[in-house]
Amino acid sequence: MADGADRGPVAGAAGGRAAAQAPEPAMWCDERFDFQATFLQCLAKHVPNIYSAEMDPLVEKQEEMVQAAILYPLECYLFGEDPDMFLEKLQQSGTSQLCGKVFKGGETTYSCRDCAVDPTCVLCIDCFQNSIHKNHRYKMHSSTGGGFCDCGDTEAWKAGPLCTKHEPGASGSPKENSECQLNEEIMEHSRRVFPSVIKYIVDMLIWEEEKELPEELTIREKVDSYYCVLFNDEHHSYDHVIYSLQRALGCELGEAQLHTTAIDKEGRRAVKAGHYASCQEAKEEIKRHSENVSQRPLHVEVLHADVMAHQKFALRLGSWLNKLMSYSSDFRQIFCQICLKEEAGSEKPCFISKLMLWDARLHKGARKVLHELIFSSFFMEMEYKKSFAVEFVKYYKALQKEYISDDHDRFLSVTALSVQMFTVPTLARHLIEEQNVITTITETLLEVLPEYLDKNDKFNFQGYSQDKLTRVYSVIFDLRYILVSKPTVWTDRLRERFLEGFVSFLRVLTCMQGMEEIKRQIGQHIEVDPDWEAAITIQMQLKNILLMFQEWCASDEELLLRSYRECHKAVMRCSMNGRSREKTVFHLCGHTLESRPYRVSADPVSIHLPLSRTLAGLHVRLSKTGAISRLHEFVSPEEFQVELLVEYPLRCLVLVAQVAAEMWRRNGLSLISQVFYYQDVKCREEMYDKDIIMLQIGASLMDPNQFLLLILQRYELADAFKKIKPTKDQDLIKQYNVLIEEMLQILIYIVGERYVPGISNVTKEDVIMREIIHLLCIEPMAHSAITKSLPENENNETGLENVINKVATFKKPGVSGHGVYELKDECLKEFNMFFYHYTKTQHSKAEHTQKKRRKQENRDEALPPPPPPDFSPAFSNVVRILNCDVMMHILRTLLQRAVELETHLWTEAMIQMVLHLLSLGLLEEKQQLQKSPEEEVTFDFYHKATRMGSSALNAVNVLMLLEKLKRVPQLEAQKDTVNWILQMFDVVKRLREKSSLVTVGATSGSEATKGDESTQDKEKAERKRKAEAARLHRQKIMAQMSALQRNFIETHKLLYENTLEAQGKDDAIMEEESTSSAIDYSRIALGPKRGPSVIEKEVLTCILCQEEQEVKFESAAMVLSACVQKSTALTQNRSRILELSGDTLDPLFMHPDLPCGTHTGSCGHVMHAACWQKYFEAMQLNFRQRLHVEQIFDLENGEYLCPLCKSLCNTVIPVVPLQAQKINSEDAEAVAQILSLARWLEIVTVRISGYSVKNAKGEKQSLPPFTNKGTGNSTLEFHSILSFGVQSSAKYSSSIKEMLILFATTIYRVGLKVAPNEADSRIPMMTWSTCAFTIQCIENLLETEGKPLFGSLQNRQHSGLKALVQFAAAQRTTSPQLLIQKHLIRLLGVLLPNYKGEDTPSLLEVDMFHILVGAVLSFPSLYWEDAVDLQPSSVSSAYNHLYLFHLTTLAHIMQIVISSATESPTAHSSDNGEEAQSAQSFCREVCQYTSGCFSQDIPGWLVWDCVKKGIMPYLRCAALFFHYLLGVSPPEELLQVSEEGQFKALCSYLSLPTNLFLLFHEYWDTVNPLLQRWCADPVVLSCLKGKSIAIRYPRKRNHLIELPEDYSCLLNQASQFRCPRSSDDEQKHPVLCLFCGAMLCSQNTCCQELVNGEELGACTSHALQCGAGVCMFLKIRECKVVLIEGKTRGCLYPAPYLDEYGETDPGLKRGNPLHLCQERYRKLHLLWQQHCIIEEIARSQETNQIFFGFNWQLL
Ligand SMILES: [Zn+2]
Ligand SMILES: [Zn+2]
Ligand SMILES: [Zn+2]
Ligand SMILES: [Zn+2]
Ligand SMILES: [Zn+2]
Ligand SMILES: [Zn+2]
Ligand SMILES: [Zn+2]
């Protein structure tokens, strides 16, 4: 085969790689040369040149040079042919079976809960989507970076280890053997090349000389060229570094930022170049300045330029190798072999170990390259992974120590790789057996922790460093990883090694046993709360490790017994202090206890007892496996010393009791927290639970009386049960009572809590079910709440799913809230009031719930304990404490005190517990009697409880005391329980008697039973009677109620009927009329037949002063709180660039795209204007005084919260009354005769020209002259317009006027984003515009919600709209009439046939509804006569409205016809009705005027169809507008939803013919010129020619973008997201705009934008365009919705995705699969369309002040 030299130059084939200089014939290709020497020579020559410009590198240029000078020749040599072609071939020949994708921070990982061996086994999104696991129970999580995809690793998955992509032969390769074998020559070359490359990399990375290079690389004269290099660390913030750089180097902010970003990314950066001295000086300066702001100086070095260059190139070579590794397994193997090769006879570590050991000293960028290289080589080859793991463990201690003193995050440390090796079961086993890894890890722990050891060799974490300890935890984690998979087969070696490790681990626990002792503080409160978090955190971390150790031990009998012995020894060693004290003796009811004195309340005590608890854990496992029978072989009975084992856990429980009794008040919060965690779900398994078990062990092995005496003594209650009068000190008495309660509770637990495998014969599932049952007995709970209350195992599983459906049923959630589980009825009997995992509040809640339930079911309220499972043999003796003398004494004493009413000596809770213990005793005896013959049952609770004692104290037995107890008034609530116990006594008695001789008292027995039964029956009957009585009572009341109701109707019958009749009459009259004219007179809004305004007297109550006031023109103003905002909710073109500030904007004409409007909303709350002003001022004052309180709202911009509902508002709308108008039909008739449209037009024209002539006299002619063609009727003159009726304008009170101006100015200011200016000429335009736009928004909402046009608005919408329209009508009066006229004339320019101004837009460039509203509202200004403010009379305005409306309607029809001209029929219709024909003839006309551009081939029915559909929104808006303007009631049909009926009703209400084309017909002569003008418009023509596109009608209704049903689709999208501005692979926060679907790069400097001199984040700047400042985003990786407004406000909102339990998952913390909830998404849609986003933000900020800290601007 030819070698590289023979093939000649290949540069041409290299394409893009062809570089500035032709590749020189590589010397190293010659076999005669020593490759290494040649290679280094080449590098020495090129590298310093290539990387010379370090300060300002041209990255692309550098890369080009590297390729040409070094990499290309190198590859040519290595492959022996053209590299590109060769690699291409390799690539195609197949891929590895392992995916090995390395995760970046924030990437989503998937784990299968069914198949993953442990939760650290994860898949990348590609593999997951192509695997079988996507249909299993999976979890999604965000990677912290540094892990890699386990697809293909057969040890990681119980099933489906390969996705379809990585399955052999899946990628289309025909070969079975998926990897292409490299030929021998290439292998040979690799073996020559790799060692030199690797050696160079290693040498350069660990190079420490800052001035010199290795000899081989030094070829040129050394120049004095140095860099001052700054390194990244985790101590200094971004700002610190920028500050230090600016100060030290005197550079600009921008430059400093640039450096800082690069340092953060790469880990280091040259910040100054120059001579050695100057760099050294810069270094000192930077250090000095950084010390000013932070305790530590920044890490700065001065490096020679050549050193810097070679180090840089070494990394480049590293990534080159990394790339190479992915191509072939052979490459990987050769690479690994070389990396692992140790120099013969040398003690030095191999290459890879060298790098590992150097890891903590490398900068961030270098570490990343190195770790990726390890992933792509060692971790892809199982055999070498093992070798790597061996090396890793070899240096484990050193590596961990380096890491602990390192200052980089864990994922940047090589130690983070442990999880990749330790969790692989075979590797773990190998490492334990061969490398003794457990011992290594625990020894590491012992070596890194000594700084926390006190003089007794116990840990003490006071004043610990959080960061350092967190680093120690990672060692603990390694222990957890190594123990994750329990071996199934034990070899001798494994057993020995494990035991060795366990013993070593016991040494760690020994340092914890009894650590951080505390002593009760008496007199003074402690000064500083001691640190407690560290110790508790370690306990949490250790919990599962302890459990795993116990499980490992238990899997082998030999091992279990031996480890038990070791553990026992360790406990004993720790229990030796206090031995010096003399034993004392304690007597009670004939029993004595000898013990060494100790008092929890006076002597030191510790809550940390991991050794004792491990022993307890091993003990129950002994019991479970039966190995306990061999225990004596390993621990002799003399050594066992059970009293000593019990001692420490007992002290701990007593401490808890004393804390509850407030005896430790002075020890502060830290103790309270410790006690909390002691019992909390996160710790309790290896703390509290085990202590109870230890007491159970004690109770099973000790004499019961002695045991109880010990308990009494430790609880310091010995005196309380002797007949010694306690003191009168109330506090002390209370303390005693609490202690007694606590002790009784512990006794209940010792006897009753048997749900532990080994203590009784239960399974783990039984245990979990019982936990869940008790949680659900409190209340129905969400899935996540249950999960949180259950302990997690080492795989973060609770086992919940396996059992939940056996005990509970799921209830789905509504639009808000979450789904819950409810307990099944049949499980209620399992309820145990004294469940040991209940907190005090849970206990009382559960008791309350259960009693309530029983009451509702009409049952007694007794809640006796459920029968517990039998103890296993090893624990069977525990029950003896129930019937021992001391217990009887305790029970009797307490009952006696209750009966004797010594109220201060007992509590109800205490008696409840006594009753519970009694019940337990009776249940036990009953169960035993049912199982075995009576003579074998030695458990004689009944006997003891019914026996009379001889002493005075025992004179009364328990049974008798119980009878008396029933009469104690304070214990009324316990009566049912007492009865239950009495029945139990009877049951046991009968069982005893039945099985003993029948002769003994058989008759008396049955009699007694009968008697009892009859009392029982009696009570039952009584209860029944009561229930019946209650039912009857309810019935009676119901009857009375309905009687009252009937009465009311009777008395008011007349009234009802009268109104009905009256209505009927009216209707009848209407009908008569309507039959003649077919028109409903009262329900027409426009023209001569206009119906009357329906005006109710409006009396409003001010929400501030609560006074009522009627709305009148002349009275003081009432106002509605309102919020004005810009809105893009209706836009038809989101890509249009919005003008952000409207300084030069002319808002008179609205573009038909409706790109951005001004919306006015109100919460509907009314105030006096004066009251509101006072409120607003007070608030302003208030906030000014509280300067540092961040404000929710912007007072400068007039914002405030509605005083009643706390909605965010920024202005008020004055409430203006509607002017009542009624038309005299005779007048109307008369006017109708004369005032045709043509005539009306002329009159208007004359009037307008008149004005312009008048004005022209004074100033420059402001109005263009009208062409006064047409009839030229000379009778018309300037004043003709007045002859059809005028009236004087309404006189508004000054306060109303003031409010009109105020509100109008706000609309102007907000809508145009300009400074307020009351005199601006655009104020009226904005008024009309917001009125029109708001109506369009409401129409849109009603339509999308499928609601009828009238009668379905919310109250707030209704009153807001009403006020807005009336305001818009009245606003005219506060502006100069000339101005209004000027605007009106411009508006009319679009509509009038005989006038067109210079700036009159084309027909296709305006929204007609906006024109209509503007024209109608401004029209009265034409009636203005110098100083006299007149307005049209009712009749006049009826005609004005009619004609204006007809003209705009004609124009709109024309718009629709033109825009749909290009429509092609989708379906054929044979409809050739009247409308279709009219349409056809109309089209023919239009065709003429457009010189044929308009095709007359369009079928008439299609045109009609388009018009009818397209015009609906406009008609609906017009109906709303005129209704709110005039107050004329709409036809009934508009109060319902019906397509066809609606159209007819609208036409009738708006005085339109239903065949709309008739309108043209009717006005043909007048309209003809107009039509011609419209058609001749160039824009129209271009549209008809198909050159431009006009907006289609009806406009599309906006919706939030469509979201995928499955959330992982979104995650998938996000994972493919690439920031448009930067190519680095740093963590990104992809965010989805829900308005337009844009994916943005949020919270990242790369995508910030400079808007008006301010840096805005990608979201904030997008929102300005997309939503006019208000926007809605979905943060995909966090699964949260973000609402933002402007630059300063925003809030989080739950995403509309739910898991199968009906819960959201913000932050993907739980990681369950999520699915879209349509209802919730719809709710978000409404939030947007109702313009309530701002309101939602304000509300959330008010309740949730946390978000203030967030800088929304940079989102
Ligand atoms: Zn993968
Ligand atoms: Zn895969
Ligand atoms: Zn699976
Ligand atoms: Zn008021
Ligand atoms: Zn309100
Ligand atoms: Zn958008
Ligand atoms: Zn970006």
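The preceding data block contains the structure.
Residues numbered from 1 in each chain as written. Chains lettered and ligands numbered in written order. Predicted model: local features only at pLDDT ≥ 70, side-chain atom pairs only at ≥ 80, totals over all residues. Heavy atoms only, no water.

> Give a description of the coordination of the zinc ion (ligand 1) that names residues and reports values.
The zinc ion (ligand 1) binds to the protein through C99 (SG), C124 (SG), C127 (SG) and C149 (SG), with metal-donor distances spanning 2.2 to 2.3 Å. Considering all 4 donor atoms around the zinc ion (ligand 1), the spread of angles at the metal, 99 to 121 degrees, places the coordination shape in the tetrahedral class. Mapping the donors of the zinc ion (ligand 1) onto the primary sequence yields the spacing C-x24-C-x2-C-x21-C. Separation of the zinc ion (ligand 1) from the zinc ion (ligand 2) amounts to 4.3 Å, with C127 serving as a shared donor to the pair. (Donors = N, O, S within 2.8 Å, 3.2 Å for Na, K, Ca; no water. Tetrahedral: all angles 85-135°; square planar, octahedral: opposite > 155°, others 65-115°.)

> Help me get a handle on the coordination of the zinc ion (ligand 4), residues and values and all.
With distances of 2.0 to 2.3 Å, the protein atoms coordinating the zinc ion (ligand 4) are C1102 (SG), C1105 (SG), H1168 (ND1) and C1171 (SG). Viewed at the metal, the 4 donor atoms of the zinc ion (ligand 4) are separated by angles of 97 to 117 degrees, and the geometry they form is tetrahedral. When its relative accessible area of 0% is taken as the criterion, C1102 is described as buried. (Buried < 20%, exposed > 50% of the residue type's maximum accessible area, 1.4 Å probe, protein only.)

> So what about unusual backbone geometry? Which residues, and what values?
Cis geometry marks the peptide bond from Y1593 to P1594; its omega dihedral reads -5 degrees. The residue P1594 is located in the loop between α55 (1578-1584) and α56 (1607-1616) in this model. Of note in this structure, Q1106 is not a glycine but carries a positive phi near 65 degrees. By relative accessible area, Q1106 is classed as exposed at 55%. Even without being a glycine, K1206 presents a positive backbone phi close to 65 degrees. When you line up the elements, K1206 lands in the loop between β14 (1200-1201) and β15 (1208-1209). For K1206, a relative accessible area of 36% translates into the label partly exposed. (Helix = DSSP H or I, 4+ residues; strand = E, 2+ residues; numbered from the N terminus.)

> Break down helix α46 (residues 1355-1371) for me, with residues and values.
Since the α-helix advances by 3.6 residues per turn, residues separated by three or four positions end up pointing in the same direction. Helix length check: α46, at 17 residues, gives a terminal C-alpha distance of 24 Å against a target of 24 Å (1.5 Å per residue), a fit within 8%. For α46, the set of buried residues is Q1357, G1360, L1361, A1363, L1364, V1365, Q1366, F1367, A1368, A1370 and Q1371. (Expected span 1.5 Å × (residues − 1).)

> Outline the pattern of salt bridges, listing residues and values.
Applying the stated criterion to the full structure yields 73 salt bridges. Residue E551 is joined to R621 by a salt bridge in which the shortest nitrogen-to-oxygen separation is 2.9 Å. Residue E551 is found in helix α20 (residues 533-554), and its partner R621 is found in helix α22 (residues 610-625); the two are separated by 70 residues along the sequence. Connected via shared salt-bridge partners are R113, D114, R137, E797 and E801. (Salt bridge = Lys/Arg side-chain N within 4 Å of Asp/Glu carboxyl O.)

> An account of the packing of aromatic side chains is needed here, citing residue identities and associated values.
This structure, assessed with the given rule, holds 63 aromatic pairs. A centroid spacing of 5.2 Å and a plane angle of 55 degrees characterise the contact between F1521 and F1522, whose relative ring orientation is tilted. Accessibility expressed as a relative area gives 0% for F1522, which makes it buried. In this structure, R651 is placed above the aromatic ring of Y598, and the distance from its NZ or CZ to the ring centre is 3.4 Å. The ring of F871 is capped by R754, whose NZ or CZ atom sits 4.1 Å from the centre of that ring. (Phe/Tyr/Trp six-rings, centres within 6.5 Å; stacked < 30°, edge-to-face > 60°. Lys NZ or Arg CZ within 6 Å of the ring centre and 35° of its normal.)

> Describe the side chain of T1305, and please don't skip the residues or the numbers.
Structurally, T1305 is set in helix α44 (residues 1294-1312). For T1305, a relative accessible area of 8% puts it in the buried group. Residues contacting T1305, with those up to four places away along its chain left out, are P1316, N1317, E1318 and I1323. (Contact = heavy atoms within 4.5 Å.)

> Can you break down the packing of helix α47 (residues 1377-1388) against helix α48 (residues 1408-1418) residue by residue, with the values?
α48 packs onto α47 with a crossing angle of 140 degrees between their chain directions and a minimal axis gap of 9 Å. Between α47 and α48, the angle falls in the class oblique. Regarding α47 and α48, the two cross each other, and that crossing is left-handed. The segment α47 lies against α48, with I1380, L1384 and L1387 engaging I1411, G1414, A1415 and S1418. Across the contact of α47 with α48, the residue classes tally to 5 nonpolar, 2 polar and no charged. (Axes fitted to C-alpha atoms, helices over the stretch in contact; angles between N-to-C directions. Parallel < 35°, antiparallel > 145°, perpendicular 65-115°, else oblique. Left-handed = near helix turned anticlockwise from the far one by under 90°. Nonpolar A, V, L, I, M, F, W, Y, C, P; charged D, E, K, R; others polar.)

These results come straight from atomic positions and should not be treated as a statement about function.
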